[in-house]
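# Summary of structural features
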Amino acid sequence: MSGLGTANRGTRINGEAAAAQLRSQLKEAVADLEHRGVTPGLAVIIVGEDPASSVYVRNKIRRSVEVGFRSFHHELPVSTSEGDLLSLILRLNDAPDVDGILVQLPLPSHIDSQRILAAVDPAKDVDGFHPLSAGKLMSGSPGVVPCTPLACMLLIRGVKKEIGGLNAVVIGRSNIVGKPMAHLLLRSDCTVTMAHSKTNSLPSVCRAADIVVAAVGHPEMVRGDWIKPGAIVIDVGINRVDREGGGRLVGDVAFHEAENVAGAITPVPGGVGPMTIACLLRNTIQSACARRGVFLPFPSEDP
Ligand code: GUN
């Protein structure tokens, strides 16, 4: 085992507890802002009725209200045109009490997601999906970091502060998770391999990794014998299986195999998911502070 001296074999990373801790810090930040006459505002837009997206959006709104935000919820029919969605975004860009705009993905296929994401005011881009935010992350400039990769980094840092020099494999090359995740790990001096569903010899690529981030969207694809003993395994997948039996959520990692080999591993559910929402709240407060010239210290992906 190389370089993972402090991780105990089989530690189950408690994403619920980590998220609760972050939310309580954020609640204090919101109270602090309240004293300065600032209430962060988050606008969430969902188009259509995809059941998984509806659950995510409901949770985002619930948590944002709990932490003390103003919440603006826009639930649009699946038939919404790209032009109407763009008009809504432009209105929200101009709304002074809106600090963050989140457009839940995926959007219906008749809408060009890239055009929509590029229309969000970069100062309100709490998802970090605007091309300007993506460019800043790639070039190492300060900016907003997408919520799921930020959540993964905070969970990794919770297990092991110093990760410089470790081998990290990211499985999945999406703009939402895989690509920004690889840049964050690189920024932390990991040696990063970006793998995906077409990578040759994926099991042996994984076996060389001290950190595995699985974000490929295939239920339990990563098996226990793909994991290097002692590795940190972060499972971003949320896959519903066994629909006839009522439906059960599993990740991209075969958890019960991998937990016997990994040094630390996130469960599904209860791992990355709750932390992702806490990171959205964090990014919204960051945006509210930046827009109003207030400085508050924030937990970031750096130790
Ligand atoms: N769909 C899946 N994950 C995300 C996310 O982090 N943000 C948005 N806007 N949509 C998503």
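Note that the structure is a prediction, hence the values are computed from the model and not measured. (Residues numbered from 1 in each chain as written. Predicted model: local features only at pLDDT ≥ 70, side-chain atom pairs only at ≥ 80, totals over all residues. Heavy atoms only, no water.)

### Some remarks on the overall build of the chain
Defined as follows: To qualify as a helix, a DSSP run of H or I must reach at least 4 residues; to qualify as a strand, a run of E must reach at least 2; elements of each kind are numbered from the N terminus. We compute the radius of gyration over the C-alpha atoms and compare it with the globule rule, which gives 2.2 Å times the number of residues raised to the power 0.38. Throughout, a contact is declared for two residues whenever any of their heavy atoms are within 4.5 Å. A 1.4 Å probe and the Shrake-Rupley method give the accessible areas. Residues count as covered only by the protein chains that appear here. Only four residue types enter the charge count, namely Lys and Arg as positive and Asp and Glu as negative; His and the chain termini do not. The location of each charge is read from NZ of Lys, CZ of Arg, CG of Asp or CD of Glu.
Of regular secondary structure, the chain possesses ten helices and eleven strands. Against the compact-globule benchmark of 19 Å for 303 residues, the chain has a radius of gyration of 19 Å, which places it among compact chains. Sequence-distant contacts, at least 24 apart, represent 72% of the contacts inside the chain between residues at least 6 apart. Within the structure as shown, the chain displays about 13400 Å² of accessible surface, and the carbon and sulfur contribution to it stands at 53%. Separation between the mean location of the 30 positive side-chain charges and that of the 30 negative ones in the chain comes to 3 Å.

### Points about empty space enclosed by the protein
Formally: In this analysis the probe radius is 1.4 Å and the grid spacing 1 Å, with only protein atoms considered; a cavity is a set of points the probe fits into but cannot get out of, a pocket is an open set with protein on both sides within 12 Å along at least five of seven lines, and lining residues have an atom within 4 Å of a point. Grid points are joined across faces, edges and corners, and a volume is the space filled by probe spheres set on the points.
Going through the model one piece at a time under the given rule, you end up with three cavities of 30 Å³ or more. Estimates place the volume of the largest cavity at around 50 Å³. As for the largest cavity, its lining consists of Ile 101, Leu 102, Val 103, Leu 117, Val 120, Asp 125, Asp 127, Phe 129 and His 130. Among the elements that make up the lining of the largest cavity, the one with the highest residue count is strand β4 (residues 100-103) (three residues).

### A short note on the environment of Asp 99
On the secondary structure map, Asp 99 appears in the loop between α3 (82-94) and β4. As a C-alpha pair, Asp 99 and Gly 41 span 58 residues in sequence and 5.1 Å in three-dimensional space. Not counting chain neighbours up to four residues away, the residues in contact with Asp 99 comprise Thr 39, Pro 40, Gly 41, Ala 123, Lys 124, Val 126, Thr 284, Ser 287, Ala 288, Arg 291 and Arg 292.

### A short note on the nonpolar core
Here is the rule: Throughout, nonpolar core names a set of buried Ala, Val, Leu, Ile, Met, Phe, Trp, Tyr and Cys residues whose side chains join them through atoms within 4.5 Å. Classification of residues uses two cut-offs on accessible area relative to the type maximum, computed with a 1.4 Å probe and protein chains only: under 20% is buried, over 50% is exposed, and between them is partly exposed.
Residues Ile 156, Leu 185, Ile 211, Val 213 and Ile 234 are the most contacted members of the largest nonpolar core, which totals 54 residues. Residues within four places of Ile 234 in sequence aside, it is in contact with Ile 13, Cys 152, Leu 155, Ile 156, Val 212, Val 213, Ala 214, Thr 266 and Val 272. In terms of nonpolar packing, the next biggest core, distinct from the first, is built from 21 residues, Ala 214, Met 221, Val 222 and Val 233 among them.

### Brief notes about the sheet that holds strand β2 (residues 41-47)
Just so we agree on the cut-off: Pairing between two strands is assigned when DSSP locates at least 2 bridges connecting them. Each axis is a line fitted through C-alpha atoms, and for a helix only the stretch in contact is used; angles between axes span 0 to 180 degrees, taken between their N-to-C directions.
The strand order β3-β2-β4 describes an open sheet built from three strands, whose pairing is parallel. In this open sheet, the two edge strands, each paired with only one partner strand, are β3 (70-76) and β4. Put simply, the sheet's adjacent strands are angled 15 degrees from each other on average, direction ignored. In this structure, β2 lies alongside β3, joined through seven bridges in parallel fashion. Directly across from Ile 45, in β3, lies its bridge partner His 74.

### Side note on the layout of surface pockets
So the rule is basically this: The classification used treats Ala, Val, Leu, Ile, Met, Phe, Trp, Tyr, Cys and Pro as nonpolar, Asp, Glu, Lys and Arg as charged, and all other residues, Gly among them, as polar.
In this structure, the largest pocket spans a volume of roughly 1600 Å³. Considering the residues around the largest pocket, the lining is formed by 50 residues, among which Tyr 56, Gln 104, Thr 148, Val 236 and Ile 238 are closest to the centre. Among the elements of the structure, α1 (15-35), α2 (51-66), β4, α6 (147-159), β9 (239-241) and α10 (272-292) are those that each provide at least two residues to the lining of the largest pocket. The greatest single-element share of the lining of the largest pocket, amounting to nine residues, is contributed by α2. Across the lining of the largest pocket, the residue classes tally to 26 nonpolar, 13 polar and eleven charged.

### Re the site of the ligand
Applied cut-off: One heavy atom suffices: a residue is near a molecule or strand as soon as one of its heavy atoms comes within 4 Å of it. As used in this structure description, the phrase polar contact means that two N or O atoms lie within 3.5 Å; if the pair is within protein, one of them must be able to donate a hydrogen and the other to accept it, and residues adjacent in sequence are counted only when both atoms belong to side chains.
The full set of residues close to the ligand is Lys 60, Leu 102, Val 103, Gln 104, Leu 105, Asp 127 and Phe 129. A distance of 3.3 Å separates a nitrogen atom of the ligand from a polar atom in the side chain of Gln 104. At 2.6 Å from a nitrogen atom of the ligand is found a side-chain nitrogen or oxygen belonging to Asp 127. Expressed as a share of its isolated accessible area of 280 Å², the protein-covered part of the ligand is 83%.

### A word on the side chain of Glu 259
With respect to the helices and strands, the residue Glu 259 is situated in the loop between α9 (255-258) and β11 (264-265). Residues in contact with Glu 259, not counting those within four places in the same chain, are Gly 10, Arg 12 and Ile 265.

### Considerations on helix α7 (residues 178-187)
Residues Gly 178, Pro 180, Met 181, Ala 182, Leu 184 and Leu 185 constitute the buried set of α7. In the stretch just after α7, Asp 189 is the one whose phi turns positive, near 70 degrees.

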